[in-house]
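Listed here are the chains, written in short residue letters.
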Amino acid sequence: IVLGNSGGGFPKLKMLARLGFGGAQGPGNQMISWIHIEDFQRVVEWMINGRQNGTYNIVSPSPVRNDAFMKSLSKTIGTPVRIPIPTILLQIGAPIIRTETELVLKSRFVVPKKLIEEGFEFKYPQLEGAIESLCGTTSPIAMSHQSL
């Protein structure tokens, strides 16, 4: 999942969290491999300029569980209520918000092994810093995590 404010899944997840539905989606234990839009753009530029070849996983080095993702999002936007959304409600609601349940229910544990081995440095390696930058609430703690 590419995290950005201009489309895709992140604005929809942010909307759900703002409405109080920032709890686990489905079972909540499914893994999410994600990347901040800025890091995605940087990886593509790095690959073009460096003439890298082969297959790369363009994701952050820190996949997280769905429930942890939603908890971090809810905390960042300041929504204290975190109502979970059962699978059946996701299946009913997905067509309404024009998305697919697979995006939140399918587990993906992908890491950028080749990017790391070749020395790419992520600006947003941790979820908290990525979410805070997209929500405009970057804290000193998140900034220190970003440099890890």
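In this text, all values refer to a predicted model and were calculated from it rather than measured experimentally.

S.K.: In this structure, what is going on with the packing of aromatic side chains? I would like to understand it.
M.R.: The relative placement of two aromatic rings is captured by the distance of their centres and the angle of their planes. A complete count under the given rule lists three aromatic pairs for this structure. When the ring of tryptophan 46 is compared with that of tyrosine 56, the centres are 6.3 Å apart and the planes differ by 90°; the resulting orientation is edge-to-face. Of this pair, tryptophan 46 sits in helix 2 (residues 37-50) while tyrosine 56 is found in the loop between helix 2 and strand 4 (64-65), placing the two residues ten residues apart along the sequence. Judged by relative accessible area, tryptophan 46 falls into the partly exposed class, the value being 21%. Seen from their ring centres, tryptophan 46 and phenylalanine 120 are 5.5 Å apart, and the 65° between their planes marks the pair as edge-to-face. Separated by 74 residues along the polypeptide, tryptophan 46 in helix 2 and phenylalanine 120 in the loop between helix 6 (113-117) and helix 7 (127-135) bring together distant segments of the chain. Here the aromatic cluster, defined as three or more aromatic residues joined through ring pairs, consists of Trp46, Tyr56, Phe120 and Phe122.

S.K.: What is the right way to look at the side chain of lysine 14 in this model?
M.R.: Looking at the secondary structure, you find lysine 14 in helix 1 (residues 9-18). The buried charged residue lysine 14 lacks any salt bridge, with glutamate 132 as its nearest oppositely charged partner at 13 Å.

S.K.: Would you explain the environment of serine 6 in this entry?
M.R.: With respect to the helices, strands and loops of the structure, serine 6 is situated in the loop between strand 1 (2-3) and helix 1. A sequence separation of 96 residues divides serine 6 from glutamate 102, and the C-alpha atoms of the two residues are 21 Å apart.

S.K.: What's the story with the pattern of salt bridges in this structure? I'm lost.
M.R.: When the charged atoms of two side chains lie near each other, side chains of opposite charge can form a pair. Applying the stated criterion across every chain, the model contains four salt bridges. Glutamate 38 is the partner of lysine 123 in a salt bridge, and the nearest nitrogen-oxygen pair spans 2.7 Å. One end of the pair, lysine 123, is in the loop between helix 6 and helix 7; the other, glutamate 38, is in helix 2, and 85 residues separate them in sequence. Here glutamate 38 falls in the partly exposed class, since its relative accessible area comes to 27%. The residue glutamate 102 makes a salt bridge to arginine 108 at a minimum N-O spacing of 3.1 Å.

S.K.: Help me understand a nonpolar patch on the surface in this model?
M.R.: Taken together, the side chains of Met15, Leu19, Phe21, Val81 and Ile83 present a nonpolar region at the surface, about 420 Å² in accessible area. With relative accessibility at 36%, the residue methionine 15 sits in the partly exposed group.

Reading guide: rules and limits
Residues numbered from 1 in each chain as written. Predicted model: local features only at pLDDT ≥ 70, side-chain atom pairs only at ≥ 80, totals over all residues. Heavy atoms only, no water. Phe/Tyr/Trp six-rings, centres within 6.5 Å; stacked < 30°, edge-to-face > 60°. Helix = DSSP H or I, 4+ residues; strand = E, 2+ residues; numbered from the N terminus. Buried < 20%, exposed > 50% of the residue type's maximum accessible area, 1.4 Å probe, protein only. Lys, Arg positive; Asp, Glu negative; His and termini not counted. Salt bridge = Lys/Arg side-chain N within 4 Å of Asp/Glu carboxyl O. Patch = residues over 30% accessible without salt bridge, like charges linked within 9 Å, V, L, I, M, F, W, Y side chains within 5 Å. Areas by Shrake-Rupley, 256 points an atom, 1.4 Å probe, with all protein chains shown as cover.

By themselves, these are just geometric observations and shouldn't be taken as functional.
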